[in-house]
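# Remarks on the overall topology
The residues making up each chain are set out below.
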Amino acid sequence: MAALPVPLLALVLLLLAGCGGPGAAGQRRKEMVLSEKVNQLMEWASKRSVIRMNGDKFRRLVKAPPRNYSVIVMFTALQPHRQCVVCKQADEEYQILANSWRYSSAFTNKIFFAMVDFDEGSDVFQMLNMNSAPTFINFPAKGKPKRGDTYELQVRGFAAEQLARWKIICLSSAQIRVIRPPNYAGPLMLGLLLAVIGGLVYLRGSNLDFLYNKTGWAFAALCFVLAMTSGQMWNHIRGPPYAHKNPHTGQVNYIHGSSQAQFVAETHIVLLFNGGVTLGMVLLHEAATSDMDVGKRKIMCIAGIGLVVLFFSWLLSVFRSKYHGYPYRWV
């Protein structure tokens, strides 16, 4: 092979030095591609806090390198014919979280919120072997999602506050303070309650004996106790879904299979069962202490025993379905 003349060799060396070599050119191309991706995501995020993606957008902006940003994606099925009530509820909370981040003073281009609907990106569901919705997955800036990058929806619920406490979000230094739209339902209900009480006091100002009615106060206290023991406060804190519908079989589960979580429908069922047991106990007490004739007291006693046995056995079956292997049974 003939050697290059000295002037030509010098020119080649100068060109390589000026361009930085093939490696530098490749690095510049990566930076240009990355810059285009970030600019595109920022443009979409400025218009809509949750970026809707199909298969092409997902593969280009989330899966394909280079990427120096994280993308939290909600995989869902919002079309009406899918009949996914939980998806709609989770979407509302997800929108609140993304809006809170978008208008936060700590907003950066290092984390984005996106959504893939099954009817718009079924190929993405197949690519990820995903068979349930809604599902939240974090796609980190480097590497593939790990086990901890999938949000534990059944345990934590989908409330925006719970999503904001997700370890993935906290580790990304995205301190999101959830800001909810004004909700006037609470003040209106309080005002209505005060108006009703004020009206009763005004109409019956000369006779306030109803305030000393022990039965009324006992009934109000009983309703409060039943609501609290059924798990209503847990629902308020965690924001679990009402129920779960299997997207493949269409079967709806109202009782959560784990002892660490519950559905809203489950608390309603437990409240009903506890109320049935309580009513049975009240009938038994009345049968033992009232001055009615013996025949009516026997009927009340039988009805009370029947209610206690029936509803307590149902409660025990719910308990057994959540605590697998529980050794006791009603017999």
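Here the structure is a predicted model, which is why all the values come from computation and not from measurement.

Right, let's talk about the overall build of the protein chain for a bit. The helix and strand inventory of the protein chain stands at 13 helices and six strands. Burial statistics for the protein chain: of 331 residues in total, 32% are counted as buried. For the protein chain, the share of sequence-separated contacts (at least 6 apart) that also reach a separation of at least 24 residues comes to 67%. Counting every atom, the protein chain has about 21000 Å² of accessible surface; 63% of that belongs to carbon and sulfur.

The buried fraction of strand β4 (residues 135-139) amounts to five of the five residues, a majority that puts the element mostly inside the structure. Residues Thr135, Ile137 and Phe139 point to one face of β4 and Phe136 and Asn138 to the other, with burial holding for every one of them. Sheet analysis places strand β2 (residues 70-76) next to β4, joined by five bridges and oriented antiparallel. Its bridge partner lying in β4, Val73 is registered against Ile137.

The UniProt entry lists residues 184-203, 215-234, 269-287 and 299-319 under the feature "transmembrane region" (unreviewed entry), expressed in the numbering used here. Between the C-alpha atoms that bound residues 269-287 there is a distance of 27 Å. The span itself is 100% helix and 0% strand. Its end C-alpha atoms 30 Å apart, residues 299-319 is made of 100% helix and 0% strand.

What follows is about the side chain of Gln262. Tracing the sequence through the fold places Gln262 in the loop between β6 (252-253) and α12 (264-289). Take Gln262: its relative accessible area is 14%, and that puts it in the buried class. In this structure Gln262 touches Ser230, Gly231, Trp234, Asn235, Pro240, His256, Thr267 and Lys322, once residues within four positions along its chain are discounted.

Let us look at helix α3 (residues 55-63). Helical periodicity: at 3.6 residues per turn, an α-helix aligns residues three or four positions apart in one direction. Buried residues of α3: Gly55, Phe58, Leu61 and Val62, and no others. Angularly, the buried residues of α3 cover 155° about the axis, an arc narrow enough to put them on a single face. Where α3 begins, the side chain of Asn54 points an oxygen toward the backbone nitrogen of Asp56, at a separation of 3.3 Å.

What follows deals with the state of the cysteines. Applying the stated criterion across every chain yields a total of one disulfide. Across the disulfide from Cys84 sits Cys87; the S-S distance is 2.1 Å. Here the S-S torsion is close to 70°, and the disulfide linking Cys84 with Cys87 is therefore right-handed. By relative accessible area, Cys87 is classed as buried at 0%.

One pass over the structure, following the stated rule, counts one cavity of 30 Å³ or more. Its volume calculated, the largest cavity comes out at about 50 Å³. For the lining of the largest cavity, the elements supplying multiple residues, two or more each, are α4 (85-102) and β3 (111-117).

Before going further, it helps to spend a moment on the sheet that holds strand β1 (residues 50-52). Strand pairing in a sheet is mediated by backbone hydrogen bonds. Such pairs are either parallel or antiparallel. The strand order across the open sheet formed by four strands is β1-β3-β2-β4, and the pairing between neighbours is mixed. The outermost strands of the open sheet, each flanked by one partner alone, are β1 and β4. The sheet shows a mean angle of 30° between the axes of neighbouring strands, taken without regard to direction. With seven bridges connecting them, β2 and β3 associate as parallel partners. The residue bridging Met74 from the neighbouring strand is Met115, located in β3. Packed onto the sheet, α4 meets β1, β2, β3 and β4 and runs at close to 160° relative to β3.

Let us look at α12. For α12, with 26 residues, the first-to-last C-alpha span of 38 Å sits near the 38 Å given by 1.5 Å per residue. Buried within α12 we find Val264, Ala265, Glu266, Thr267, Val270, Phe273, Asn274, Gly276, Val277, Gly280 and Ala287.

Definitions and cut-offs
Residues numbered from 1 in each chain as written. Predicted model: local features only at pLDDT ≥ 70, side-chain atom pairs only at ≥ 80, totals over all residues. Heavy atoms only, no water. Helix = DSSP H or I, 4+ residues; strand = E, 2+ residues; numbered from the N terminus. Buried < 20%, exposed > 50% of the residue type's maximum accessible area, 1.4 Å probe, protein only. Contact = heavy atoms within 4.5 Å. Areas by Shrake-Rupley, 256 points an atom, 1.4 Å probe, with all protein chains shown as cover. Pairing = 2+ DSSP bridges. UniProt positions renumbered as here; feature names shortened; annotations may be inferred. Arc of directions from axis to C-beta. Polar contact = N/O pair within 3.5 Å; in protein donor to acceptor, adjacent residues only side chain to side chain. Disulfide = S-S within 2.5 Å. 1 Å grid on protein atoms, 1.4 Å probe; cavity = no way out; pocket = protein on both sides within 12 Å on 5 of 7 lines; lining within 4 Å. Points joined across faces, edges and corners; volume = space filled by probe spheres on them. Axes fitted to C-alpha atoms, helices over the stretch in contact; angles between N-to-C directions. Expected span 1.5 Å × (residues − 1).

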